[in-house]
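Summary of structural features
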Number of protein chains: 2
Amino acid sequence: MSQYDVLCIGNAIVDIIAQCDEAFLTDNGIIKGAMNLIDAERAELLYSRMGPAIEASGGSAGNTAAGIASFGGSAAYFGKVSRDHLGNIFTHDIHAQGVAFDTKPLDGTPPTARSMIFVTPDGERSMNTYLGACVELGPNDVEADKASGAKVTYFEGYLWDPPLAKEAIRLTASHAHAAGREVSMTLSDSFCVDRYRAEFLDLMRSGTIDIVFANSHEIKSLYETSSFDEALAQIRKDCKIAAVTRSEKGSVIVRGDETVVIKATEIRELVDTTGAGDLYAAGFLYGYTQGRSLKDCGDLGSLAAGLVIQQIGPRPRQNLKREAEQAGLL
Amino acid sequence: MSQYDVLCIGNAIVDIIAQCDEAFLTDNGIIKGAMNLIDAERAELLYSRMGPAIEASGGSAGNTAAGIASFGGSAAYFGKVSRDHLGNIFTHDIHAQGVAFDTKPLDGTPPTARSMIFVTPDGERSMNTYLGACVELGPNDVEADKASGAKVTYFEGYLWDPPLAKEAIRLTASHAHAAGREVSMTLSDSFCVDRYRAEFLDLMRSGTIDIVFANSHEIKSLYETSSFDEALAQIRKDCKIAAVTRSEKGSVIVRGDETVVIKATEIRELVDTTGAGDLYAAGFLYGYTQGRSLKDCGDLGSLAAGLVIQQIGPRPRQNLKREAEQAGLL
């Protein structure tokens, strides 16, 4: 049986990242801070209006897998690309990071997913995602040995957007739980929560999910409340562990009656928030699968999130193991 | 007749940028700090050994054109890409920056050029360039109106590597000089100088070139001397203006007997030297075509170079006009 610390499952996406001003978002009907789903035609239109960009492998759970590997953890990934240039880039980058990624690619149609990410001067990112090949990820892509062999399986709420991925998740979770493993998810985006609220709550309440990652907007959306404290009180009852990030206020981790408050790390210059939540989850899950305390898990998450938001792009260029050692966390 | 501040001509390249340690360069026979030419097979081998990367439009003169446009100057560009994914990226990025770029692309073969750039912990970049479509740039690609209409034409010494580009340069220079315009070049790389020393000296001494950009290694290679002062004394005689960069020592500009010494800007963190010379030329040529003093031209060059080496990638993400205004240079 294969052994991994974490198996990550997500939409396999290459990011196309450019800066823009606030007016650009308004003029183009882009919801700020959100993941906006777009079709091929709108992707072309937005690209024609986009400023000079850089390309970098992304995808929420892909970023998390890369982060775990950078900490020195062993990570595997399920996600669907096509055999095209962006697919080659995605595959190269995740392999080069040491992540096991063997999902069979499509033969070119639909093409590999891309997300046009516009970063405003305040560092906030607004994403416009054309799902492309991701719509084909399904239960046939579940590698049972990895699903059973990973200490924790982690997937994106975003996977409820393509039609078949949720079946892959349910199958993976059943393999994992049958092997005595844990399953975790990120709520991904407050609009995504709004689209799939009942299903996400059911995943949690049915015990399909053990650990939930979210930010404050997402849990407030989940429980349809404007009160963070109320949402936190509710999520305590709905899963074993919830790790909730609060931007510059750090994060809060709850497990039953236990509450652990984590500070954010100090930021020299906020450049681009892309990947913040993904890297928090990477640090947390790396610590968690090494048997660390919730406090250590949160601190490792904060460290990785703090690094990625001080650069352009969703995967930090630093070696996270070395950074954590220098910060006295490992 | 079209009117541009600067027409730039170069190898149209997309950069693939990753970090590596010093041993990686040695183990893979990569000359540190240089532009290493590679074939398709070696490109594949190196990519398979390369760490996680990001992709960004590059190409020396392309970076300069983008920089000039970012300062608010009008720039045009000649360079050859293919109709493929990297070609689309290159074309999008240079158009999005406001540069006029109309060179007819190839129909897919050879593919668009790429350079695998390895950045060592000291920030030095070592480039490995597969020229691809660039080998097809030739005199048929010279747009006479742009050649005659640009105040200054600027091209890379690197263009002596592909077989036909030098003919395009000679034709462009003759259009430019016939219209009373000036022509400039960068010596590009000390090994490139070594390959084409006699031809570069002939370009300068024959008056094909008015302004030369170089770094200290390149002029020492040009005159086969280990003495910077001796090389500087010689280049004074061989062209109207020479602007010679010296990394952290700033730059020296000579015009006949005149000598202008320019300080480097202060650097908070040296991240990646890619694009330093290209952006120095951008600042200089923007100032020069606005009728600024050599001192101002050098300061604008220093500013742009200083910004690009504090980030990953060859084109600064800042608006250079705004940066120059804030620094009191415009």
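Here is a short report on the structure shown in this document. Model, not experiment: these values are computed from the prediction.

Turning chain A through 180 degrees and shifting it by 0.0 Å along the axis lays it on chain B, with an RMSD of 0.0 Å. Taken together, these values place the two copies in the relation of a two-fold axis. Relative to the rotation axis, the C-alpha of Glu55 of chain A is the closest in chain A, positioned 2.4 Å from it. When the interface residues of chain A are mapped onto chain B, 100% of them again fall at the interface, so both copies present the same face.

On to the sheet that holds strand β7 (residues 113-119) of chain A, then. Spatial strand order, β3(A)-β8(A)-β7(A)-β2(A)-β4(A)-β4(B)-β2(B)-β7(B)-β8(B)-β3(B): 10 strands in an open sheet with mixed pairing. Each having just a single partner strand, β3 (35-37) of chain A together with β3 (35-37) of chain B make up the two edges of the open sheet. Geometrically, the sheet is characterised by an average inter-axis angle of 25 degrees between neighbouring strands, direction not taken into account. Sheet topology places strand β4 (residues 54-57) of chain A next to strand β4 (residues 54-57) of chain B; three bridges connect them, and they run antiparallel. Across the sheet, residue Ala56 of chain A finds its bridge partner in β4 of chain B, namely Ile54 of chain B. Contacts from helix α4 (residues 85-96) of chain A reach β2 (13-19), β4 and β7 of chain A together with β4 of chain B, with the element oriented near 55 degrees to β4 of chain A.

On to the sheet that holds strand β6 (residues 100-101) of chain B. All names here are of chain B. Across the sheet, which stays open at both edges, the nine strands sit in the order β6-β5-β1-β9-β10-β11-β12-β13-β14 with mixed pairing between neighbours. Across the chains shown, the open sheet's two edge strands, defined by having one partner strand only, are β6 and β14 (258-262). Two elements, strand β13 (residues 251-255) and β14, share five bridges in a ladder whose sense is antiparallel. Paired with Val252 across the two strands is Val261, which belongs to β14. Against the sheet, helix α3 (residues 60-71) touches β1 (4-9), β5 (75-78), β9 (150-156) and β10 (182-186), its axis set at about 160 degrees to β1.

The subject of this paragraph is the nonpolar core. Counting residues in each nonpolar core, the largest one holds 214 residues, and the members touching the most others are Val212 of chain A together with Val212 of chain B. Ignoring sequence-local partners within four residues, the contact set of Val212 of chain A consists of Ser184, Met185, Leu187, Met204, Ile235, Cys239 and Ala242 of chain A.

Take unusual backbone geometry next. Residues and elements named next belong to chain A. Residue Pro110 is bonded to the preceding Thr109 through a cis peptide linkage, with omega at -10 degrees. Topologically, Pro110 is positioned in the loop between β6 (100-101) and β7. Residue Ser188 is not a glycine yet carries a positive backbone phi of 75 degrees. By the element assignment, Ser188 lies in the loop between β10 (182-186) and α7 (190-205).

A separate point is the interface of chain A and chain B. Contacts between chain A and chain B engage 22 residues on the former and 22 residues on the latter. At the level of elements, β4 and α4 of chain A are the ones that each hand at least two residues to the side of chain A that touches chain B. With six residues, the top contributor of residues to the side of chain A that touches chain B is α4 of chain A. Here the residues of the side of chain A that touches chain B are counted per class, giving 11 nonpolar, seven polar and four charged.

About the criteria used
Residues numbered from 1 in each chain as written. Chains lettered and ligands numbered in written order. Predicted model: local features only at pLDDT ≥ 70, side-chain atom pairs only at ≥ 80, totals over all residues. Least-squares fit on C-alpha atoms with pLDDT ≥ 70 in both. Contact = placed C-beta atoms within 7 Å. Pairing = 2+ DSSP bridges. Helix = DSSP H or I, 4+ residues; strand = E, 2+ residues; numbered from the N terminus. Axes fitted to C-alpha atoms, helices over the stretch in contact; angles between N-to-C directions. Core = buried A, V, L, I, M, F, W, Y, C linked by C-beta atoms within 7 Å. Buried ≥ 20, exposed ≤ 12 C-beta atoms within 10 Å, placed from the backbone. Nonpolar A, V, L, I, M, F, W, Y, C, P; charged D, E, K, R; others polar.

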